[in-house]
Protein chains: 4
Amino acid sequence: MRGNTFGSLFRLSTFGESHGPAIGGVLDGCPAGMRLDPTAIQVELDRRRPGGTPLGTSRTETDAVEFLSGMIADPEAIHRSDQKTLGTPIAFLIRNADARSHDYDQLKDVYRPGHADLTWEAKFGLRDHRGGGRSSARTTAACVVGGAIARQLLASEGIEVDAYVSRVGEVALETPVEQLDLSGRWNDPVRCPDPATAKRMAAFIEQVRSEGDSIGGVVSCVVRGVPPGLGEPVFDKLEADLAKAMLSINACKGFQIGNGFGAAHLRGSENNDAFAPGYRRDPEVRIDPYTVSRAAIRTETNRSGGVLGGISNGEDLLFEVAFKAPSTIAKAQRTVNTNGEAITLEASGRHDPCVVPRAVPIVEAMTCLVLADHLLRHRTSRVGPPVVIGAVEG
Amino acid sequence: MRGNTFGSLFRLSTFGESHGPAIGGVLDGCPAGMRLDPTAIQVELDRRRPGGTPLGTSRTETDAVEFLSGMIADPEAIHRSDQKTLGTPIAFLIRNADARSHDYDQLKDVYRPGHADLTWEAKFGLRDHRGGGRSSARTTAACVVGGAIARQLLASEGIEVDAYVSRVGEVALETPVEQLDLSGRWNDPVRCPDPATAKRMAAFIEQVRSEGDSIGGVVSCVVRGVPPGLGEPVFDKLEADLAKAMLSINACKGFQIGNGFGAAHLRGSENNDAFAPGYRRDPEVRIDPYTVSRAAIRTETNRSGGVLGGISNGEDLLFEVAFKAPSTIAKAQRTVNTNGEAITLEASGRHDPCVVPRAVPIVEAMTCLVLADHLLRHRTSRVGPPVVIGAVEG
Amino acid sequence: MRGNTFGSLFRLSTFGESHGPAIGGVLDGCPAGMRLDPTAIQVELDRRRPGGTPLGTSRTETDAVEFLSGMIADPEAIHRSDQKTLGTPIAFLIRNADARSHDYDQLKDVYRPGHADLTWEAKFGLRDHRGGGRSSARTTAACVVGGAIARQLLASEGIEVDAYVSRVGEVALETPVEQLDLSGRWNDPVRCPDPATAKRMAAFIEQVRSEGDSIGGVVSCVVRGVPPGLGEPVFDKLEADLAKAMLSINACKGFQIGNGFGAAHLRGSENNDAFAPGYRRDPEVRIDPYTVSRAAIRTETNRSGGVLGGISNGEDLLFEVAFKAPSTIAKAQRTVNTNGEAITLEASGRHDPCVVPRAVPIVEAMTCLVLADHLLRHRTSRVGPPVVIGAVEG
Amino acid sequence: MRGNTFGSLFRLSTFGESHGPAIGGVLDGCPAGMRLDPTAIQVELDRRRPGGTPLGTSRTETDAVEFLSGMIADPEAIHRSDQKTLGTPIAFLIRNADARSHDYDQLKDVYRPGHADLTWEAKFGLRDHRGGGRSSARTTAACVVGGAIARQLLASEGIEVDAYVSRVGEVALETPVEQLDLSGRWNDPVRCPDPATAKRMAAFIEQVRSEGDSIGGVVSCVVRGVPPGLGEPVFDKLEADLAKAMLSINACKGFQIGNGFGAAHLRGSENNDAFAPGYRRDPEVRIDPYTVSRAAIRTETNRSGGVLGGISNGEDLLFEVAFKAPSTIAKAQRTVNTNGEAITLEASGRHDPCVVPRAVPIVEAMTCLVLADHLLRHRTSRVGPPVVIGAVEG
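These numbers come from a predicted model, not from an experiment.

Each value, and the rule that gives it
In this numbering scheme, every chain counts its residues from 1 along its sequence in written order. To label them, take the chains in the order written and letter them from A, then take the ligands in the order written and number them from 1. The predicted origin of the model limits local features to residues at a pLDDT of at least 70 and limits the giving and counting of side-chain atom pairs to 80 or more, whereas totals for whole chains, interfaces and linings rest on all residues. Per the convention used, a helix needs a DSSP run of H or I reaching at least four residues, while a strand needs a run of E reaching at least two, with both numbered from the N terminus. For the purpose of contact definition, each residue receives a C-beta atom placed from its backbone, and two residues are in contact when these atoms lie within 7 Å. Take the residue count of a helix, subtract one, and multiply by 1.5 Å to get its expected span. Counts of 20 or more other C-beta atoms within 10 Å of a residue's own C-beta define buried residues, counts of 12 or fewer define exposed ones, and intermediate counts define partly exposed ones; C-beta atoms are placed from the backbone. Of all possible arcs, the one meant is that of the directions from the helix axis to the C-beta atoms. Here the nonpolar group is Ala, Val, Leu, Ile, Met, Phe, Trp, Tyr, Cys and Pro; Asp, Glu, Lys and Arg are the charged ones; every other residue, Gly included, is treated as polar. If DSSP finds at least two bridges between two strands, the strands pair. Copies are brought into register by a least-squares superposition over C-alpha atoms of residues with pLDDT of at least 70 in both. Axis geometry follows a simple rule: fit a line to the C-alpha atoms, using only the stretch in contact for helices, then measure angles between N-to-C directions, giving values from 0 to 180 degrees. Note on angle classes: values under 35 degrees are labelled roughly parallel, values over 145 roughly antiparallel, values of 65 to 115 roughly perpendicular, and the remainder oblique. The crossing is said to be left-handed when, going from far helix to near helix, the turn is anticlockwise and less than a right angle, and right-handed when the turn is clockwise.

Draft legend 1. Inspection of the overall build of chain A at higher detail. Check the secondary structure of chain A and you find seven helices and 22 strands. Long-range pairs, those at least 24 residues apart, make up 74% of the contacts in chain A with a sequence separation of at least 6.

Draft legend 2. Up close: helix H4 (residues 195-210) of chain B. Residues and elements named next belong to chain B. Spanning 16 residues, H4 covers 23 Å between terminal C-alpha atoms, matching the ideal 22 Å at 1.5 Å per step. Restricting attention to buried positions, one finds in H4 the residues Thr-197, Ala-198, Met-201, Ala-202, Ile-205 and Val-208. Down the axis of H4, the sector holding all buried residues measures 135°, keeping them to one side. Residues of H4 that are exposed and point over 90 degrees away from its buried face: Ala-196 and Ser-210. Elements in contact with the buried residues of H4: strand S10 (160-168) and strand S11 (171-172). Gly-212 lies just past H4 and shows a positive phi near 70°.

Draft legend 3. Local environment of the interface of chain D and chain C. Counting from both sides, the interface comprises 109 residues of chain D and, opposite them, 109 residues of chain C. If you tally residues by element for the side of chain D that touches chain C, the top one is helix H2 (residues 117-124) of chain D, at seven residues. Residues that form the side of chain D that touches chain C fall into these classes: 46 nonpolar, 42 polar and 21 charged. As defined by bridge partners, strand S13 (residues 252-257) of chain C adjoins strand S13 (residues 252-257) of chain D across three bridges and the pair is classed as antiparallel. Among the inter-strand pairings, C:Gly254 is bridged to a residue of S13(D), identified as D:Gln256.

Draft legend 4. Structural view of the environment of D:Ala296. Residue and element names in this part refer to chain D. Residue position: Ala-296 is located in the loop between strand S15 (294-295) and strand S16 (297-299). Using a count of 19 C-beta atoms within 10 Å as the deciding quantity, one classes Ala-296 as partly exposed. Considering only alpha carbons, one finds Ala-296 and Asn-337, 41 residues apart in sequence, at a separation of 62 Å.

Draft legend 5. Looking closely at the relation of the copies chain D and chain C. Between the two copies, chain D and chain C, the superposition gives an RMSD of 0.0 Å; the rotation angle is 180° and the shift along the axis is 0.0 Å. Here the two chains are linked by the operation of a two-fold rotation axis.

Draft legend 6. Representation of the relation of the copies chain A and chain D within the structure. Overlaying chain A on chain D yields an RMSD of 0.0 Å, the required transformation being a rotation through 180° with an accompanying axial translation of 0.0 Å. The residues that chain A uses at the interface reappear at the interface of chain D in 100% of cases, marking a shared surface.

Draft legend 7. How the structure looks around helix H3 (residues 140-155) of chain A. When the terminal C-alpha atoms of H3(A) are compared, their 22 Å separation across 16 residues agrees well with the 22 Å that a helix rising 1.5 Å per residue should span. The buried count for H3(A) comes to 14 of 16 residues, which makes it a mostly enclosed element.

Draft legend 8. Structural view of the packing of helix H3 (residues 140-155) of chain C against helix H7 (residues 356-378) of chain C. Residues and elements named next belong to chain C. With their axes 7 Å apart at the nearest point, H3 and H7 run at an angle of 50° to one another. Relative to H7, the element H3 is oriented oblique. Where H3 crosses over H7, the handedness of that crossing is left-handed. In this structure, H3 uses Thr-140, Cys-143, Val-144, Gly-146, Gly-147, Ala-148, Ala-150, Arg-151, Leu-153 and Leu-154 to contact H7, whose residues at the interface are Pro-361, Ile-362, Glu-364, Ala-365, Met-366, Cys-368, Leu-369, Leu-371, Ala-372 and Leu-375. Of the residues that constitute the contact of H3 with H7, the class distribution is 15 nonpolar, three polar and two charged.

What follows is the structure, given as structure tokens:
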């Protein structure tokens, strides 16, 4: 009930303070017998860590993940490090190597604007002032590990999750996702797939940083290969669980799926997606006979963002996530100390000028967790085998 | 796991198909000894029901709620119908009186664009075609009952939840919430607190209806009197649970808190709310010594929408919810039947041209459920009594 | 968290006070597309109700169950009343027809020995004195309904659950279960499958009743056709969930599986069940390819009661449940009233002299709930299809 | 859903295979601001470990627990190592130092009688053959850590949990608990508080060991200082959660509370505990005003074992737990290999001849977890402050 666990059947629990001995997590519910590639997990973790993009903070954690349980060496391994999941909890930790707690001593008696210092004390009566403790964005590293495992489960169903930066302040990428080549975005420090826009974004971030300020942005996400039928019809709608997942990320202020707030401007005749005959999923993709349906029906457009009534319809999931500017800035700010006295705060030490490039792998990770959970939940939805909807042919 | 339960300690489970015998719910976790006024619950239910606003559908359910358990006549009652909660599940039902199932016979073999017909079949292998079954908006009536009970718990802490329509298509209310008088909005069919804007919205809805079409909109919500400390720091952030609650409402496509997507455009120096000394909560309001803190610190602005790091800071909660246009329209639409053949659908029968006026009580209900849950969760956050933050005086 | 919900994926929530308007429940998680025979549910409910055995109380509820949701008429029905589950919550209620609350007015200010009056007040600060409110055994009727639906799911896997009375006070049935014919036990008022022992038990119960007293007993349960692999290895061991289920039944004081407390007396060489080759399950029984394994290995004996390390091994589940004598007796007892004064209580009104005959259908119902839950949980245990263990042949 | 988490508000999740890198756990929900003494936790852990009693296996793990999160050095510490809880997850691990996996290579292709080898494969399709993997009793070390933290929370309420060995095979301790001095039991290798009986038990265990065999036993537990009001009235009865906790311990076969199976032999007039005026709890004990009630009423006897209707009545909790003999014995046994062929197994390597001495700290730990959980759950049971039951005076 303290909100450190995410998911119902595919459950990630995370732990750890920014400047304690370690952060980490326990992933419970991953099915047994899945081939697991730990190297691929480390790759994703590297994308999130501060040094992962030149635009991030200068904190240089190596963020090496150590697995403690839940797997055994795979006798039929392709890579030397390949493991098989045992069906037991997969526990992992990441040591806090570069924890300069003394940087934070000056903050012990101050409530930083935009931070959780005051609210944390209101809730718990005390707080870990060292780097924000558990309210630090560092905790999201554990989500990235969990999400990277989820992604390996999704991959076996042909599901691909790709996020990218679509806005930094006033610099926006307006190109529709179908026209984007997402393959090279990890090579770009901003994680924007359009090189020209990425360049403008990077220049803008540098300028904001030089002014001792920070800037907000938007991350967009597309999920391809989603089978129809994932999500629950009432409270645990797929979009509701995605919204919760995204708003759980530090600094997130908004979520929209499909045309989102734009839908508020449209008429039903403009907004509805017409159905049409035709397979959506690649017939070459293996579909787990124990889990999912395939639809012989698709929509002509995808304004809904891939969900109808809380359940995936087989089209791509499309959603956007808004992030505020990081709260820690070098500029002077008015605030209050723990004696209740008004003071002026000028932060020193490392900080991010813009969170969205590093938020990209986190958005992906949380998305993978939501989908893996619903994939397992879907296995219990009916008595017989999965169905083919509107099938005119095999 | 089928997503029919909302909340962790203050839990609402709902049941019922649109055209089955009844809909209803079970509210578990409401503390014992609370005075309960069933009449006030019916008032809220009446605001949601189709006939509750002249702009809704013509389906005329009386929607009379019957309570089955969880309460006993209050010996110290003020009103004759006053009850006391027993601490046991509060079960209730609403009979489906006006269930013209035959209106839906023509839809048995059709997948309606924008509806859950196809996705439901992909998930469950069968569907209740009568009025959408459980994916009907009628199921939200049970949320309104649960939310109305939650509201009575919140009221004892001085917490008030008020939502209103702030956009219908291109007709928007731009006035900041502090300058609005929300008291009269229930008298207005659009539930917009500004009479002039409300009139323009109503005219627009009528025009859209006359064209056989429908229109989307936005509901805004303000929560006053929230004590600091509600919400959890990692996955069950207060804004994350609110986002999930809102996206669980039928036709919802987006959620933003504080300046939301607007925050993506701002710098940290523009977006941070400075702290300043000063009590926010009215000292006259009784504060439950078993639950909540009070803060002697407030923010100068409220761009965050009342949350910092997932936890309330004592300022008003401010958020917005986007709704798409209702999917059922009279205009002809292309779709597919259950044989996979392309057809043209022209819907007849009753339907809403705009969902936002009726969504207002639902947004409030879901908000009440989230806050009541976090109020109870907060009781277990620390060993000693609640704290006063930054207290220079009593 | 108020403990009114049982199960994780196959979840029963119950509600209702003994003398309120109704009792009932909501079963969530039953897979869609299951044929449901409501008549069979009523039959089980009739076995539990006071008039169901001549040895019970004289309260004559008809206990007619009304279903409110979650099903639709089965187009391929065998019996006219056959339904198909929709995958949505199955809500039901049983009206409290014969609620003579005035019988209990004398108990308003008294703490009855052996009852929950005092503990209820310590917990909730108030109690419903009318017939024990929600601590009445009447609440178990909702469990019987939920269990009867679970049984229909189990039946499709070839799983059969049978309980019977094996002890009333000093009158015990010592015959091993393999030698018993359980088919006729419902015709016997004591629900003991051995006619001679049943007769002695009945006579003993009558004698105890005539003396204004009551008596305890034991219910034994056997589950046949359990596939290997049900249960979880650490906290949710199959026997742990069964133990919790049984101790949740009113008046239950103990649970043992296999040779239970007898195992404390034995050596490992006496207690271990040797493995031997050979199929246990009837090859004619259809096995759901989406769920369960079959074992080509069996044990020579079954001292373990069908579980190893918390997981079923394919042998029959065997367990016993101890019940205390009903607390309400006509004999005078010392107690205390709500003013804290010592008084003497002589109960009048209807009451059971022995609870075990009526506990038989409740033990079965709770067992069915546990197994149905683990059957669904099992569906998510591994990535591929179920396996055949130790298979030398098909 | 994989059963690796125990508790609802005070939740322990455990992880780790017997011969993997480490075992450990995450305790979530421990209230913030509690003083935590890590040294006391290590003391309890040492009682469970194989070398903790000379009667155990010869595996010599040091079992040093390392804490990773959830605490901060206590500025007002009494002992140098004192910590304060932060209200965040307390993660910990214990490295597997002495993991001689090769001892188990011979068992890779064998299903050991009484072990979970076969059932594990039926469930997950593969198993970790190294020492039983996660079905090893080693996993209970994580429970002991979690329980030791729970105990520190209970201590602040004056609640004490004490278990002891009351039977080994036919050697039984019949002395009532009130007449026992439990203080010295940790000094005794059998953990039986009566020196003479302890000596006979030890001699019997040695004899059984010398014969290459093993033996079962019973652990008894008493909980003193329990406030009335803990437990939930229907499914999560205090005794039901205790039963589940106990049956979750490896090798447990039975649970009984109060007179347990003995209650089946008694009449109501023999079994009911009469109420009498009088305080039970020591008035000197501080009672948390945010949590618990005190009762001015007690029972004359305690046959119920301290619970009425699933809720504690303020008397001592009394229950017993039956354990089977360890399944690993040196004697030859018939079994089957993974090819389905009958073979004879003669185990070598270290093993326990009797599990009950080492089960004592585990029974205590699981009991502490159950009580801490219900203590927190109790905080949300009513709107006002706790009540004094039957109070005629302060």
